[in-house]
Amino acid sequence: MRVLLVEDEPRLAESVRRNLVADGFAVDVAGTGPDGLWAARERPYDIVVLDIMVPGLSGYRVLETLRAEGNWVPVVMLTAKDGEYDEADAFDLGADDYLTKPFSYVVLLARLRALLRRGAPARPSVLRAGDLVLDPARRSVRRAETEIALTPREFSLLEYLMRRPGEALTKPDILAHVWDAQYDGDDNVVEVYVGYLRRKIDVPFGRQTIETLRGIGYRLIDDSRI
């Protein structure tokens, strides 16, 4: 298995590299963000270990670029930061795992093996339906080049629909995933919020992204293909 290690601390990089080689991995080391990005683009890796604070281009930007280009290689982020928002940012951008320095090599190895068992399924960090784009990390939505302002509930509803394109989703399905467990009101609230969404993401653009399925619920479609 081939590993790309992007780490600018020479002693740590060499220690991790030496241990991985001893455990049977082929390891390439890059000391900067641009070098790491180039290597990940040019060579087929089974996994990437990526430090966030590397010079030239941060690990966040390297990861974001790879995911935007459709590269789903499993990525473990390394960082000296231990803030929960840093960890959340890494996962929102498409990271598969996260380790805070100092870390145990035994734990790193176990995480790598777990990810290798899972493989690299395509799981885009930015969701698209035609020219409608939702970015969970930035909490932004746009239609082509036009930014669209949504309330938190509208955003959650659209994200749920866009993560299941083409699926028939019932009102109870949507309520269970978008509203909290304490909600005990009428399920027609889903219809109300679908209406709100349509007035923001479809009507101004002459589009019909959310399809009503009579007697069933709703389905998100890419109407640019119709």
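Just so you know, these numbers come straight off a predicted model, no measurement behind them. (Residues numbered from 1 in each chain as written. Predicted model: local features only at pLDDT ≥ 70, side-chain atom pairs only at ≥ 80, totals over all residues. Heavy atoms only, no water.)

Core analysis: the biggest nonpolar cluster contains 27 residues, and Leu-158 and Ile-174 have the highest contact counts within it. Contributions of two or more residues to this core are made by strand E6 (127-129), strand E7 (132-135), helix H6 (152-162), helix H7 (171-178), helix H8 (188-201) and strand E12 (217-220). Every residue in contact with Leu-158, bar those within four places of it in the chain, is listed here: Leu-132, Leu-134, Val-141, Leu-150, Leu-197, Ile-201 and Leu-220. Membership of the second largest hydrophobic core comes to 22 residues, among which are Val-6, Tyr-45, Val-62 and Leu-63. (Core = buried A, V, L, I, M, F, W, Y, C linked by side-chain atoms within 4.5 Å. Buried < 20%, exposed > 50% of the residue type's maximum accessible area, 1.4 Å probe, protein only. Helix = DSSP H or I, 4+ residues; strand = E, 2+ residues; numbered from the N terminus. Contact = heavy atoms within 4.5 Å.)

Here we come to the domain arrangement of the protein chain. What the domain assignment lists for the protein chain is domain 1 (2-119) and domain 2 (127-220). The C-alpha centroid of domain 2 is placed 34 Å from the C-alpha centroid of domain 1. (Domains from an automatic or database assignment.)

Attention now moves to the sheet that holds strand E3 (residues 47-51). Read across the sheet, five strands follow the order E2-E1-E3-E4-E5 without closing on themselves; strand pairing throughout is parallel. Both edges of this open sheet fall to strand E2 (26-30) and strand E5 (97-100), since each of them pairs with a single strand only. In this sheet, adjacent strand axes meet at a mean angle of 20° when their direction is disregarded. The strands touched by helix H2 (residues 33-42) are strand E1 (2-6) and E2; relative to E1, the strand with the most contacts, the crossing angle is about 160°. Against the sheet, helix H3 (residues 59-68) contacts E3 and strand E4 (75-79), and its axis sits at roughly 165° relative to E4. (Pairing = 2+ DSSP bridges. Axes fitted to C-alpha atoms, helices over the stretch in contact; angles between N-to-C directions.)

Take the packing of H6 against H8 next. Axes are the key here: two packed helices are described by the angle between their axes and the distance separating the axes. Between H6 and H8, the shortest axis-to-axis distance is 10 Å and the interhelical angle comes to 85°. It follows from the interaxial angle that H6 and H8 lie roughly perpendicular. Contacts between H6 and H8 involve Arg-153, Glu-154, Leu-157, Leu-158 and Leu-161 on the former and, on the latter, Tyr-193, Val-194, Tyr-196, Leu-197, Lys-200 and Ile-201. By residue class, the composition of the contact of H6 with H8 is eight nonpolar, no polar and three charged. (Parallel < 35°, antiparallel > 145°, perpendicular 65-115°, else oblique. Nonpolar A, V, L, I, M, F, W, Y, C, P; charged D, E, K, R; others polar.)

Moving on, we come to the sheet that holds strand E9 (residues 146-148). Across the sheet, which stays open at both edges, the four strands sit in the order E6-E7-E8-E9 with antiparallel pairing between neighbours. Looking at which strands have only one partner, the edges of the open sheet turn out to be E6 and E9. The mean inter-strand angle of the sheet, taken between neighbouring strand axes irrespective of direction, is 20°. Bridge count between E6 and E7: three bridges; the pairing is antiparallel. Residue pairing across strands places Leu-127 opposite Leu-134, the latter belonging to E7. H6 rests against E6, E7 and strand E8 (140-143) of the sheet, and its axis sits at about 110° to E7.

The UniProt record marks Asp-51 with the feature "modified residue: 4-aspartylphosphate" (unreviewed entry), using the residue numbering of this structure. Locating Asp-51 in the fold gives a position in strand E3. Since its relative accessible area comes to 2%, Asp-51 is described here as buried. Asp-51 has contacts with Val-6, Glu-7, Asp-8, Gly-59, Leu-78, Thr-79 and Lys-101, leaving out every residue within four places of it along the chain. (UniProt positions renumbered as here; feature names shortened; annotations may be inferred.)

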